[in-house]
Amino acid sequence: MPLILMVGLPSSGKTTRAREIQKFFTEQQHREVILISDNEIISNMNIDKNVLYLEMKKEKDLRSKLHSDALKSLTKENVVILDSGNFIKGFRYELYCSSKSLSTPKCLVVCDISTEKAWELNENRTEQEKYVRKTFNDLVMRYEEPNHSNRWDSPLINLQLDDTLPAEEIRKAIFEVAAPVPNQSTINAPLNSSSYLYDLDQKTQEVINSIIQLKKQGVEGENIELVDYEGKYLNKLDKSISLVQLAKSRKQFLSYAKSHVSITNDQTNIVNMFIQFLNKSVTC
């Protein structure tokens, strides 16, 4: 049920600490622990992390995936550890709202070391694991240090490099507290979160681009399958539909989606509903 966010500079020991926490809850507390690692997700994305963190879209895709995987994994029985830098304050707030909407306790475990020491540790890594200096410096510059006085950064457990893991303190922080009570702002937060809005904007634009591609190819007729969307069809496609009409319909759908909680942040659902909307709102 609880969510543990690992926070810190690049190469500050977050993964090592996350595995220590996982081992404690698995072996001594006999709880199921789900460890979600940004390194694993980046590897599955088949991209060098030094490239990913310098490209805004790819980094947003990563945060969206981390957020989605964390929420899907939360149950009443397990412990979810999000092993990522979580260095952006807005992202931590987003996770706070999402976990609160599920009445799920959370805590931050901050790996607190100096920039110089983090770089030294980075230099001792394998070539595949290292950050290049440009990426490292960029992440350090963008790191927004947690503040325990902020409700989304509390409770906060601070760890120095040589500290023994305060396992019992972590356990108390997530299991000996009352579950947070959702309120209206946190219930709606996942719908209005930056990752959801980003997915909504991207997926609807991709559908529009697919239609434009078909029009450029001169494709016309009924039940036209969209490019890159196997099994997704437009009722009809002809020359009468204009780019202005497509843009107007997309704008209407975005407004609708943002105000209806029945729309989820599942990317497939966004695409399905947008295509249905287009089939009803315009004569393609």
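See the structure shown above.
Residues numbered from 1 in each chain as written. Predicted model: local features only at pLDDT ≥ 70, side-chain atom pairs only at ≥ 80, totals over all residues. Heavy atoms only, no water.

(A) Inspection of the sheet that holds strand β4 (residues 106-111) at higher detail. Here we have five strands laid out as an open sheet, ordered β2-β3-β1-β4-β5, and parallel in their pairing. Each edge of the open sheet is held by one strand with a lone partner, namely β2 (33-37) and β5 (156-159). Across this sheet, the average inter-strand angle for adjacent strands is 20°, counted without regard to direction. Strand direction decides the pairing type here: strand β1 (residues 3-8) and strand β3 (residues 79-83), joined by four bridges, are parallel. In the strand pairing of β3, M6 is matched with D83. The strands touched by helix α8 (residues 167-175) are β1, β3, β4 and β5; relative to β4, the strand with the most contacts, the crossing angle is about 150°. (Pairing = 2+ DSSP bridges. Helix = DSSP H or I, 4+ residues; strand = E, 2+ residues; numbered from the N terminus. Axes fitted to C-alpha atoms, helices over the stretch in contact; angles between N-to-C directions. Contact = heavy atoms within 4.5 Å.)

(B) Summary view of the packing of aromatic side chains. Scanning all chains against the criterion turns up eight aromatic pairs. When the ring of Y93 is compared with that of W152, the centres are 5.3 Å apart and the planes differ by 85°; the resulting orientation is edge-to-face. Taken together, the residues span a long stretch of sequence, with Y93 in helix α5 (residues 89-101) and W152 in the loop between α7 (133-142) and β5 at a distance of 59 residues. In this structure W152 comes out as buried when scored by relative accessible area, which is 15%. One aromatic cluster is present, built from ring pairs that chain together F24, F25 and F175. Its end group placed over the ring of F175, R31 keeps NZ or CZ at 3.9 Å from the ring centre. (Phe/Tyr/Trp six-rings, centres within 6.5 Å; stacked < 30°, edge-to-face > 60°. Buried < 20%, exposed > 50% of the residue type's maximum accessible area, 1.4 Å probe, protein only. Lys NZ or Arg CZ within 6 Å of the ring centre and 35° of its normal.)

(C) Summary view of the pattern of salt bridges. Inspection of every chain in the model, using the stated rule, returns 14 salt bridges. Among the salt bridges present, the one from R17 reaches E20, with a minimum N-O distance of 3.4 Å. Residue R17 and its partner E20 are located together in helix α1 (residues 14-28), separated by three residues, close to a single helical turn. As a salt-bridge pair, D201 and R250 come within 2.7 Å of each other at their nearest N and O atoms. On the criterion of sequence distance, the pair formed by D201 in helix α10 (residues 194-216) and R250 in helix α11 (residues 243-259) is long-range, its members being 49 residues apart. On the basis of relative accessible area, D201 is assigned to the partly exposed category, the value being 34%. Given a relative accessible area of 13%, R250 falls into the buried group. Connected via shared salt-bridge partners are E59, R63, D138 and R142. (Salt bridge = Lys/Arg side-chain N within 4 Å of Asp/Glu carboxyl O.)

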